[in-house]
Structure formats: structure tokens, C-alpha cells
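Descriptive analysis of the structure
As a plain string of letters, each chain reads:
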Amino acid sequence: QVQLVESGGGLVQAGGSLRLSCAASLSIFSRYNIAWHRQAPGKQRELVAGIGSGGSTIYPDSVKGRFIISRDNAKNTVYLQMNSLKPEDTAVYYCAAGSIATRTYPYWGQGTQVTVSS
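Everything numeric in this text was worked out from a predicted model, so none of it was measured.

Scoring rules and cut-offs
Within any chain, residue numbers begin from 1 and follow the written order of that chain's sequence. Only residues with pLDDT of at least 70 get local features here, since the model is predicted, and only at 80 or more are side-chain atom pairs given and counted; chain-wide, interface and lining totals rely on the full set of residues. Side-chain descriptors were evaluated using all non-hydrogen atoms of the structure, hydrogens and water having been removed beforehand. Type-normalised accessible area, obtained with a 1.4 Å probe on protein chains alone, sets the label of each residue: buried when under 20%, exposed when over 50%, and partly exposed for intermediate values. A run of H or I in DSSP counts as a helix once it spans at least four residues, and a run of E counts as a strand once it spans at least two, with each numbered from the N terminus. Here, any two strands with at least 2 DSSP bridges between them count as paired. Note on definitions: a residue-residue contact is assigned when non-hydrogen atoms from the two residues lie within 4.5 Å. For every element, the axis is a line fit to its C-alpha atoms; helices are fit only across the contacting stretch, and the angle between N-to-C directions ranges from 0 to 180 degrees. Residues grouped as a nonpolar core are buried Ala, Val, Leu, Ile, Met, Phe, Trp, Tyr and Cys residues, joined through side-chain atoms within 4.5 Å. To count as a disulfide, a pair of cysteine sulfur atoms needs to be within 2.5 Å.

Turning our eyes to something else, we now look at the pairing of strand E11 (residues 112-117). Residue alternation in E11 divides its side chains into a buried set, Thr 112, Val 114 and Val 116, and an unburied set, Gln 113, Thr 115 and Ser 117. In this sheet, E11 lies alongside strand E2 (residues 10-13) in parallel orientation, the contact comprising four bridges. Looking at E11, one finds that Gln 13 is bridged to Ser 117. As judged from the three bridges shared by strand E9 (residues 91-99) and E11, these two strands associate in the antiparallel manner.

Spelled out as C-alpha cells, the structure:
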């Protein structure tokens, strides 16, 4: 069964940290890149971090130096460590499996809410 399940969202004060987890079924984890996206109310969904099967990573400038994506191959899990959080990081965060190069993601999780208070 194809599955992506996010966890770890919540409410945090500005400057704080959260770690999100994305547990993937083996069929996804072994075949696809994994990327975290977010969508805030009234805004387009945006990529915040991606990781390839070999561990290469990509970040937009908005989160570079604050967010770290990693993967645990033994647990079929990808993590997003978010530090120095800002109110503008507030969004629903989704993990997705697909191709970072072509920006095509056939599989998505249900999302987890992250709220950063000022």
C-alpha cells in the first residue's frame, strides 16, 4: 500500500523548533525522492526541503540555514528539523514522494499543521 504519514506538527513560539516526521511505505521510500512542502492560507504551496535517495538535499533561500531534512533508511522515515521558526513559517506541511528534478510528486501525505506564534 502506498502511504505517507506526517507527524510532529504543533504550536510553537517564534524562535523555537519542531521536528516533523514522514513515515513512508517501503515501495515509496526506496523508489522516490522525498520532499516537504507547505501551504499557508491564501498562498501557493511551496517546496521547503527535498532529499534524494543518496542523501543530496535542496532548500529554498527562505528556510536555508534553519531547516534540515534527513532520512533514516532503516525506518523508511524522512525528518524535517525546523529551527529558529518564524510566524511566516505557519502553514500545513506535507511530505510528498516523486521527482525533485521535475517537480512531480504523485504521492502526498495528509499534512500536519505548524503554527508559530509571535
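From this point, the narrative continues.
So, on to the environment of Ser 70. Along the chain, Ser 70 turns up in strand E7 (residues 67-72). Overall, the relative accessible area of 31% leaves Ser 70 in the partly exposed class. Those residues in contact with Ser 70, other than ones at most four positions away along the chain, are Ile 51, Thr 77, Val 78 and Tyr 79.

Taken in spatial order, the four strands of this open sheet run E1-E3-E8-E7, and their pairing is antiparallel. Of all strands in the sheet, those with a lone pairing partner are strand E1 (4-7) and E7, marking the two edges. Within this sheet the neighbouring strands show an average axis-to-axis angle of 15°, counted without direction. In the sheet, E1 pairs with strand E3 (residues 18-24) via four bridges, with the strands oriented antiparallel. Looking at E3, one finds that Ser 7 is bridged to Ser 21.

A word on the nonpolar core. Soluble, globular proteins show a tendency: their nonpolar side chains are buried together. Ranked by size, the top nonpolar core spans 29 residues in total, and within it Trp 36, Leu 80, Met 82 and Tyr 93 carry the most contacts. For this core, the elements supplying multiple residues, two or more each, are E3, helix H1 (26-29), strand E4 (33-39), strand E5 (46-51), E7, strand E8 (77-82), E9 and E11. Excluding residues within four positions of it along the chain, Met 82 makes contact with Gly 16, Ser 17, Leu 18, Leu 20, Arg 66, Phe 67, Tyr 93 and Val 114.

A word on the state of the cysteines. Under the defined criterion, the tally for this structure stands at one disulfide. Between the sulfur atoms of Cys 22 and its disulfide mate Cys 95 the distance is 2.1 Å. Handedness here is read from the sign of the S-S torsion; for Cys 22 and Cys 95, about 60°, the answer is right-handed. With Cys 22 in strand E3 and Cys 95 in strand E9, the pair connects residues that are 73 residues apart, well separated along the chain. The exposure class of Cys 95 is buried, given its relative accessible area of 0%.

This is a description of form; function is not addressed.
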